[in-house]
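# Working through the structure, step by step
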Amino acid sequence: MARQVNRMSAFNVTSLALGLAFLYLPIVILVIYSFNASRLVTVWGGWSLRWYFEFFNDRAMLDAAWMSLRVAAVSATIATLLGTLAAVGLARGERFRGRALFSGMLYAPLVMPEVISGLSLLLLFVALNAERGFWTVTIAHTTLTMCFVTVVVQSRLASLDRSLEEAAMDLGCNPVQAFIRVTLPLIVPAIAAGWMLAFTLSLDDVVIASFTTGPGSATLPIRIYSEVRLGVKPEINAICTMVIALIAVLIVIASLASKLSSTQGESAAPL
């Protein structure tokens, strides 16, 4: 029996190692070759930071990166605000009419292909005769990421003890004051995690941005995609490495914020 357990453990470890290698080995190779001194991406020419300096001297890439950061920050902020309000409505308003329809429409982007979402948003902007640019991409990314924020915040609200709010209202607070003074501090880490998740999704999006962007408003992923079609340059490896590092930092921060939110919920639970 012990040998069988050991064999199963070895099989699980091997499967996990192969799965992680399949997912992350290409990323590791990309990061290593971003420090390649050679102009050819398939030929190793020694260690160098040449292509990082090339990126910071490339005005078109810098403009695209700045556009991506602006779009991601604004869309993540709007999505966090709307997603938090939607999560509160779903978690605290169990009996309002149309709840099933509202939740279904809210969570539709989670399962809908991005091509369909991007095409529908493009048709909407064309029908409204809206000039495609910064705000059309921002609205599209807000639509995409708001549902993710709602899921994160709603799960945190569902785990809170509502007797805390009831105790605050018994002590003289109205529902709004009880939410601001009691519930909001407890869900702030979840809200921060939702913002970081929305920022990351917006920063990485290519499909929806390709439908809703316009002249002079190309995001960094769109710019990289257009460059890759003409051939992979070592500069692109450097750009991707910096994006990977930024996203990794945001994911770590979001994980710590979620863990802090869970810890605060457990410490606030009544004995």
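Small disclaimer: the values here were computed from a predicted structure and weren't measured.

What counts and what doesn't
- Residues numbered from 1 in each chain as written.
- Predicted model: local features only at pLDDT ≥ 70, side-chain atom pairs only at ≥ 80, totals over all residues.
- Heavy atoms only, no water.
- Helix = DSSP H or I, 4+ residues; strand = E, 2+ residues; numbered from the N terminus.
- Buried < 20%, exposed > 50% of the residue type's maximum accessible area, 1.4 Å probe, protein only.
- Contact = heavy atoms within 4.5 Å.
- Areas by Shrake-Rupley, 256 points an atom, 1.4 Å probe, with all protein chains shown as cover.
- Lys, Arg positive; Asp, Glu negative; His and termini not counted.
- Charge placed at Lys NZ, Arg CZ, Asp CG, Glu CD.
- Salt bridge = Lys/Arg side-chain N within 4 Å of Asp/Glu carboxyl O.
- Axes fitted to C-alpha atoms, helices over the stretch in contact; angles between N-to-C directions.
- Left-handed = near helix turned anticlockwise from the far one by under 90°.
- Nonpolar A, V, L, I, M, F, W, Y, C, P; charged D, E, K, R; others polar.
- UniProt positions renumbered as here; feature names shortened; annotations may be inferred.
- Parallel < 35°, antiparallel > 145°, perpendicular 65-115°, else oblique.
- Phe/Tyr/Trp six-rings, centres within 6.5 Å; stacked < 30°, edge-to-face > 60°.

## Points about the overall build of the protein
- On a plain count of helices and strands, the protein comes out with 11 helices and 0 strands.
- The order of helices and strands in the protein, counted from the N terminus, is α-α-α-α-α-α-α-α-α-α-α.
- In terms of overall dimensions, the protein has C-alpha extents of about 70 × 70 × 30 Å along its principal axes.
- Counting the 271 residues in the protein, one finds 36% classified as buried.
- A sequence separation of at least 24 residues applies to 73% of the contacts in the protein between residues at least 6 apart.
- Here the protein displays about 16000 Å² of accessible surface, and carbon together with sulfur accounts for 70% of that area.
- Within the protein, the 15 negative side-chain charges are centred at a point lying 5 Å from the centre of the 18 positive side-chain charges.

## Regarding the pattern of salt bridges
- Tallied over the full model, the rule gives 1 salt bridge.
- Ionic pairing is found between Asp63 and Arg59, a salt bridge with its closest N-O pair at 3.9 Å. Taken together, the positions of Asp63 and Arg59, both in helix α3 (residues 59-92) and 4 residues apart, correspond to about one turn of that helix.

## A word on the packing of helix α4 (residues 99-111) against helix α6 (residues 134-158)
- At their nearest, the axes of α4 and α6 sit 7 Å apart, and the two run at 115° to each other. As α4 runs across α6, the sense of the crossing is left-handed. Across from Arg99, Leu106, Tyr107, Pro109 and Leu110 in α4, the residues of α6 making contact are Thr143, Leu144, Met146, Cys147, Phe148, Thr150, Val151 and Gln154.
- Classifying every residue of the contact of α4 with α6 by side-chain character gives 9 nonpolar, 3 polar and 1 charged.

## Brief notes about the UniProt feature "transmembrane region" (unreviewed entry) in the protein
- The UniProt record annotates "transmembrane region" (unreviewed entry) at residues 12-35, 71-93, 105-128, 134-157, 178-198 and 236-257.
- As annotated, residues 12-35 has a helix share of 92% and a strand share of 0%, and its two end C-alpha atoms lie 34 Å apart.
- The span residues 71-93 is 96% helical and 0% strand by assignment, and the distance between its end C-alpha atoms comes to 32 Å.

## Quick look at the packing of α3 against α6
- It is the contact of α3 with α6, at a shortest axis distance of 5 Å, that shows an interaxial angle of 40°. Taken together, the axes of α3 and α6 are oblique relative to one another. Crossing of α3 against α6: the hand is right-handed.
- In terms of residue class, the contact of α3 with α6 is built from 18 nonpolar, 10 polar and 2 charged.

## Quick look at the environment of Pro113
- With respect to the helices and strands, Pro113 occurs in the loop between α4 and α5 (114-127).
- For the pair formed by Pro113 and Val207, sequence separation is 94 residues and the distance between their alpha carbons is 9.7 Å.

## Looking at the side chain of Ser38
- In this fold, Ser38 is placed in the loop between α1 (2-33) and α2 (50-56).
- Take Ser38: its relative accessible area is 15%, and that puts it in the buried class.
- In this structure Ser38 touches Val43, Gly45, Trp51 and Pro234, once residues within four positions along its chain are discounted.

## Some remarks on the packing of aromatic side chains
- Under the defined criterion, the tally for this structure stands at 5 aromatic pairs.
- Look at Phe35 and Tyr52: their rings are 5.2 Å apart centre to centre, the planes differ by 35°, and that puts the pair in the tilted class. With Phe35 in the loop between α1 and α2 and Tyr52 in helix α2, the pair connects residues that are 17 residues apart, well separated along the chain.
- For the pair Phe55 and Phe56, a centre-to-centre distance of 5.1 Å together with 65° between the ring planes defines the contact as edge-to-face.
- Under the relative-accessibility criterion, Phe55 is labelled buried at 6%.

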